[in-house]
Amino acid sequence: MRLVDSHGHVNADRFDDDVDAVLDAARDAGVERILVPGWNLRSSERALDLVATRPWLDAAVGIHPHDAAAVDATGWATVEAWAREERVVAIGETGLDADRMFSPWEAQLENLRRNLALALATGKPAILHCRSRGGQRDAQDALVAELRAAGFGGEASRTVFGDRPPAVIHSFSGPVDYAREVLAMGLAVSFSGLVFRRGEEASAEVAPLVPDERLLVETDSPFLSPPGGPRGRNEPRYVAITAAWVAERRGVGEAVLGDTLVAAYDALFPRAAMRPAMRTASRPPA
């Protein structure tokens, strides 16, 4: 099965000792693309370093809602400069988190607005985290409002992105009507191992609703291990478990879904489509 991991934090400290082996295992499992998102300054820089010698990896740079209050004007200027580099294909991970609230809500909103503006300025889609506390939807509703206010789903994003999705709802979580709203705005949706957790049952209804060209899967490594994956540290190769779940919910064969996933990834992050074919290892070319 052809696979992508549209959100794998292999730039995290947990992979310091064996990132090459982890990436080689992903290749052996059929993973053809990995998007490596930053969540703060250090991780964004590590993402850039990691993808520099691996043509099948892509980087995203941005500030996560957890770190929203920790980045000053100088730090944000650095993110803006990185965002214009050719190796960067997306902005984020950004978004809103009303669950853990590691940054004050107003700081999260300001940070999200800056990241959304940067996505429009660069023509690179925003990678959006969105979490509410169990049984609630305040973050989802606020995210939709902020997207609309920024012009996503309207003329502003269509002028920049055309038919391409201007953003990705990473690791989907939320009710079905929220999914319908973001899909109506032209966004892509990515499913992770979160779909297997209690309280996320709506994802099974959402999975068949996503158009082929806007469908992605991910691991959110080193987090959100699916059943059958390791509990201590998730890895990109285990995206196959979530992909099989998506194929079953959509009533398609895994081979068909694999082709769909790779095509959607390459359309959303077009630099990948211009790269060399699969390499047999993650090591830098000679």
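Conventions we followed
- Residues numbered from 1 in each chain as written.
- Predicted model: local features only at pLDDT ≥ 70, side-chain atom pairs only at ≥ 80, totals over all residues.
- Heavy atoms only, no water.
- Pairing = 2+ DSSP bridges.
- Helix = DSSP H or I, 4+ residues; strand = E, 2+ residues; numbered from the N terminus.
- Axes fitted to C-alpha atoms, helices over the stretch in contact; angles between N-to-C directions.
- Contact = heavy atoms within 4.5 Å.
- Phe/Tyr/Trp six-rings, centres within 6.5 Å; stacked < 30°, edge-to-face > 60°.
- Buried < 20%, exposed > 50% of the residue type's maximum accessible area, 1.4 Å probe, protein only.
- Lys NZ or Arg CZ within 6 Å of the ring centre and 35° of its normal.
- Core = buried A, V, L, I, M, F, W, Y, C linked by side-chain atoms within 4.5 Å.
- Arc of directions from axis to C-beta.
- Polar contact = N/O pair within 3.5 Å; in protein donor to acceptor, adjacent residues only side chain to side chain.
- Right-handed = clockwise from strand over helix to strand, strands pointing away.
- Salt bridge = Lys/Arg side-chain N within 4 Å of Asp/Glu carboxyl O.

### Things to note about the sheet that holds strand 1 (residues 3-5)
Here is step 1: Taken in spatial order, the eight strands line up as 1-2-3-4-5-6-7-8 in an open sheet, and their pairing is parallel. At either margin of the open sheet sits one strand with a lone partner, and together these are strand 1 and strand 8 (215-217). Along the sheet, successive strands turn relative to each other by an average axial angle of 25°, direction set aside.
Here is step 2: Contacts from helix 1 (residues 19-28) reach strand 2 (31-37) and strand 3 (57-61) within the one sheet, and its direction differs from that of strand 2 by about 140°.

### Some points on the packing of aromatic side chains
Here is step 1: Applying the stated criterion across every chain, the model contains five aromatic pairs.
Here is step 2: With a centroid separation of 5.7 Å and 20° between ring planes, the pair formed by F172 and Y178 is classed as stacked.
Here is step 3: For Y178, a relative accessible area of 0% gives the class buried.
Here is step 4: Taken together, F172, Y178, F191, F196 and W245 form an aromatic cluster joined through their ring pairs.
Here is step 5: The aromatic ring of W56 is capped on one face by R27, whose charged end is 3.9 Å from the ring centroid.
Here is step 6: Positioned above the aromatic ring of W76, the side-chain terminus of R114 is 4.7 Å from the ring centre.

### As for the nonpolar core
Here is step 1: Judged by nonpolar contacts, the single largest core of 84 residues is most densely connected at L128, L143, I169, F191 and F269.
Here is step 2: Those residues in contact with L128 that lie beyond four places of it in its chain are T94, L112, L116, L143, L147, A167, V168, I169, H170 and L187.

### Details of helix 2 (residues 41-51)
Here is step 1: Regarding helix 2, the residues found buried are S43, S44, A47, L48, L50 and V51. Relative to the axis of helix 2, the buried residues are bounded by an arc of 165° and lie together on one face.
Here is step 2: Where helix 2 is buried, its residues contact helix 1, strand 2, strand 3, helix 3 (73-83) and strand 4 (88-97).
Here is step 3: The backbone nitrogen of R42 lies 3.3 Å from a side-chain oxygen of the residue at the head of helix 2, namely N40.

### Regarding the pairing of strand 4
Here is step 1: Burial analysis of strand 4 places 10 of its 10 residues in the buried class, the great majority of the element.
Here is step 2: Examined bridge by bridge, strand 3 and strand 4 share three bridges and lie parallel to one another. In the strand pairing of strand 4, V61 is matched with I91.
Here is step 3: Across five bridges, the pairing between strand 4 and strand 5 (residues 126-131) is parallel. In the sheet register, G95 faces strand 5, and the bridge partner there is H129.
Here is step 4: Viewed along the sheet, the connection from strand 4 through helix 4 (residues 105-122) into strand 5 turns out right-handed.

### A word on the pairing of strand 5
Here is step 1: Burial analysis of strand 5 places six of its six residues in the buried class, the great majority of the element.
Here is step 2: Burial along strand 5 is two-sided: A126, L128 and C130 facing one way and I127, H129 and R131 facing the other are all buried.

### Describing the environment of Y265
Here is step 1: Locating Y265 in the fold gives a position in helix 10 (residues 254-268).
Here is step 2: For Y265, a relative accessible area of 0% corresponds to the buried category.

### Looking at the side chain of H170
Here is step 1: Mapped onto the elements, H170 comes out in the loop between strand 6 (167-169) and helix 7 (176-184).
Here is step 2: Classification of H170 by relative accessible area gives buried; the value is 1%.
Here is step 3: Side chain to side chain, H170 and H7 meet in a polar contact 3.5 Å long.
Here is step 4: Leave out the neighbours within four places in its chain, and H170 touches H7, E93, I127, L128, H129, R131, S190, E218 and D220.

### Here we look at the pattern of salt bridges
Pairs can form between side chains of opposite charge whenever their charged atoms are close.
Here is step 1: Summed over the entire model, instances satisfying the criterion amount to 18 salt bridges.
Here is step 2: Between D13 and R46 there is a salt bridge, with its nearest N and O atoms 3.7 Å apart. Taken together, the positions of D13 in the loop between strand 1 and helix 1 and R46 in helix 2 put the pair 33 residues apart, joining distant regions of the chain.
Here is step 3: The class of R46 is partly exposed, set by a relative accessible area of 22%.
Here is step 4: Here D16 makes a salt bridge to R46, at a shortest N to O gap of 2.4 Å. Placement of D16 in the loop between strand 1 and helix 1 and of R46 in helix 2 is noted, with a sequence separation of 30 residues between them.

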